[in-house]
Amino acid sequence: MTTLNTTHDPKLKSWVASADVAGCDFPIQNLPFGRFRTAGSAEAFRIGVAIGDQVLDLKAAGVVDTDDMNVLMAASPAQRQALRATLSEGLREGSAQQAAWSKALVAQSAVEMAVPCRIGDYTDFYTGIHHATTVGKLFRPDQPLMPNYKWVPIGYHGRASSIGVSGQQFKRPQGQTKAPGSDPAAPPSFGPSKRLDYELELGFLIGQGNALGEPIAIADAEQHLFGLTLLNDWSARDLQAWEYQPLGPFLAKNFASTLSPWIVTMEALAPFRAAFSRPEGDPQPLPYLDSAANRDGGALDITLEVWLQTAKMRAAGEPATRLTQGNTTQAAYWTAAQLVAHHTVNGCNLQPGDLLGSGTLSGPTLAEAGSLLELTYGGKQPLTLPNGETRTFLEDGDTLTLRGYCERDGAVRIGLGEVSGTVIG
Ligand code: MN
């Protein structure tokens, strides 16, 4: 785990004034990486760092000589920390770089963002134990949590080709559905999903990979994590219920997944780590999933929120409404280090830019639920929105936004930004 250093000093201010405004997602203590270009242009995307409401163009500032985020992500942890120190020093009040670097700033309002790196492979885990239990009750009332859940981090291999960046619009998926309890001999229905949902997740992005056949020990796992984004794992629940046995999710999940554009690094998250422990009476992780460092600070303390704006709200000029708010420390049964150690324990090789989804991070109460499936009791109890509209699942024109931020006494608040996506008919 990265230790605190001068880049986390809460007293640091930037010469970029907007970064010093209280409540800003991107103060000088954050320094997340993304890929940007001038909005509406055909330029190649290049690497930038968010600072306040600006983007620092890293190549124009003379800090990197590549446009390839995956090259940056494959750097050694020591190189990454050196780059963070360079950025922090150059953006500080009184820095000698101010004159040169101010020419390398672009307003975030004038850029468009790409998926932050080239994602070769995507694995989605299922670490949200409250989500797993609630959803399990809906799908299998007799056995909500499978006997393996508390021993093995459950996951499935997702699809990278349909991953988009915040602002993604996608068509409502169609597919096969069959109502539970319907005549087993009757054919399934075919058509647009009627139970389209979101999943509130974190997306961990791999930095340095491992060679095929050489597992990453849990003690080294954090060194292989570059950072994280918000991830919305859109899910068609009716397709999922019919197709998921025996091999797990397939077309219910792979039509779209959306990431926030800024990768918040593990270094930036150092002040927001939390102890990891198991509830009394639960099994302890097997030795390959356990370490003192993971117990002391393997968890993350991130507040997550879900916001919805319907087409009708948008037309009336009404803002999005917040559906839920929760915290990752309450939600995740496995840490990011455990996911890396588990994913590679059989020799599987991770590569720079690979994405590991956390699974839906629902807290213990309904007010912290990370999906509509949970919030509406499987679609049985509609939500009423401030304008009187109701929702069981997403309707065409709905824009769903996830937000995340970290706050702790003695540290400057940092934000993950947001990820929005809209379903179209
Ligand atoms: Mn998921």
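See the structure above.
Bear in mind the structure is a predicted one, so any value in this text is a computation, not a measurement.

J.: What am I meant to see in the pairing of strand β1 (residues 33–38) here?
T.: Looking along a regular strand, one sees the side chains alternate between the two faces of the sheet. A large share of β1 lies buried, amounting to five of its six residues. In this sheet, strand β5 (residues 111–113) lies alongside β1 in antiparallel orientation, the contact comprising three bridges. Residue pairing in the sheet places Arg37 in a bridge with Glu112 of β5.

J.: I would appreciate a short explanation of the packing of aromatic side chains in the present structure.
T.: One pair of aromatic rings is described through two measures. These are the centre distance and the angle between the planes. Applying the stated criterion to the full structure yields seven aromatic pairs. When the ring of Tyr149 is compared with that of Tyr333, the centres are 5.8 Å apart and the planes differ by 45°; the resulting orientation is tilted. With Tyr149 in the loop between α4 (129–139) and β7 (155–157) and Tyr333 in the loop between α9 (328–331) and α10 (336–344), this pair connects stretches of sequence that are 184 residues apart. Ring centres 5.7 Å apart and planes at 80° place the aromatic pair Tyr333 and Trp334 in the edge-to-face group. For the pair shown, Tyr333 and Trp334 are each scored as buried. The ring of Trp334 has Arg278 sitting right over it, with the charged end atom 4.3 Å from the ring centre. When the ring centre of Trp307 is taken as reference, the NZ or CZ atom of Arg403 above it lies at 4.7 Å.

J.: Please explain empty space enclosed by the protein as it appears in this structure.
T.: With a probe scaled to a water molecule rolled over the atoms, the places where space remains empty come into view. The full count for this structure, using the stated rule, is two cavities of 30 Å³ or more. The volume enclosed by the largest cavity comes to roughly 90 Å³. Lining the largest cavity are Leu31, Phe33, Leu72, Arg80, Leu83, Arg84, Phe226, Thr265 and Glu267. When residues in the lining of the largest cavity are grouped by element, the largest group, three residues, is from helix α2 (residues 77–91). Tallied by class, residues from the lining of the largest cavity come to five nonpolar, one polar and three charged. One number sums up the size of the second largest cavity: a volume of about 40 Å³. Together, His8, Gln29, Ala268, Pro271, Phe272, Ala411, Val412 and Ile414 line the second largest cavity. Residue composition of the lining of the second largest cavity, grouped by class: six nonpolar, two polar and no charged.

J.: Is there a simple way to think about the layout of surface pockets in this case?
T.: Taken as a whole, the largest pocket spans an internal volume of roughly 800 Å³. Lining the largest pocket are 39 residues; nearest its centre among them are Tyr126, Ile154, Gly155, Tyr156 and Pro249. For the lining of the largest pocket, the secondary structure elements donating two or more residues are β6 (122–125), α4, β7, α6 (237–243) and α10. If you tally residues by element for the lining of the largest pocket, the top one is α4, at five residues. In terms of lining residues, the second largest pocket is bounded by 27 residues, among which Lys178, Ala179, Pro180, Asp238 and Ala241 are the most central.

J.: Which parts of the structure should I look at to understand the coordination of the manganese ion?
T.: Coordination angles at a metal have ideal targets, namely 109.5 degrees for four tetrahedral donors and 90 or 180 degrees for six octahedral donors. Distances from the manganese ion to its protein donors, Asp124 (OD), Glu199 (OE), Glu201 (OE) and Asp233 (OD), fall at 2.1 to 2.2 Å. For the manganese ion, the single-chain donor residues occur in sequence as D-x74-E-x1-E-x31-D. Of this pair, Glu201 sits in strand β13 (residues 200–206) while Asp233 sits in the loop between β14 (225–232) and β15 (235–236), placing them 32 residues apart in sequence. For the pair Glu201 and Asp233, a shared accessibility class is recorded, and that class is buried.

Thresholds, definitions, all that
- Residues numbered from 1 in each chain as written.
- Predicted model: local features only at pLDDT ≥ 70, side-chain atom pairs only at ≥ 80, totals over all residues.
- Heavy atoms only, no water.
- Buried < 20%, exposed > 50% of the residue type's maximum accessible area, 1.4 Å probe, protein only.
- Helix = DSSP H or I, 4+ residues; strand = E, 2+ residues; numbered from the N terminus.
- Pairing = 2+ DSSP bridges.
- Phe/Tyr/Trp six-rings, centres within 6.5 Å; stacked < 30°, edge-to-face > 60°.
- Lys NZ or Arg CZ within 6 Å of the ring centre and 35° of its normal.
- 1 Å grid on protein atoms, 1.4 Å probe; cavity = no way out; pocket = protein on both sides within 12 Å on 5 of 7 lines; lining within 4 Å.
- Points joined across faces, edges and corners; volume = space filled by probe spheres on them.
- Nonpolar A, V, L, I, M, F, W, Y, C, P; charged D, E, K, R; others polar.
- Donors = N, O, S within 2.8 Å, 3.2 Å for Na, K, Ca; no water.

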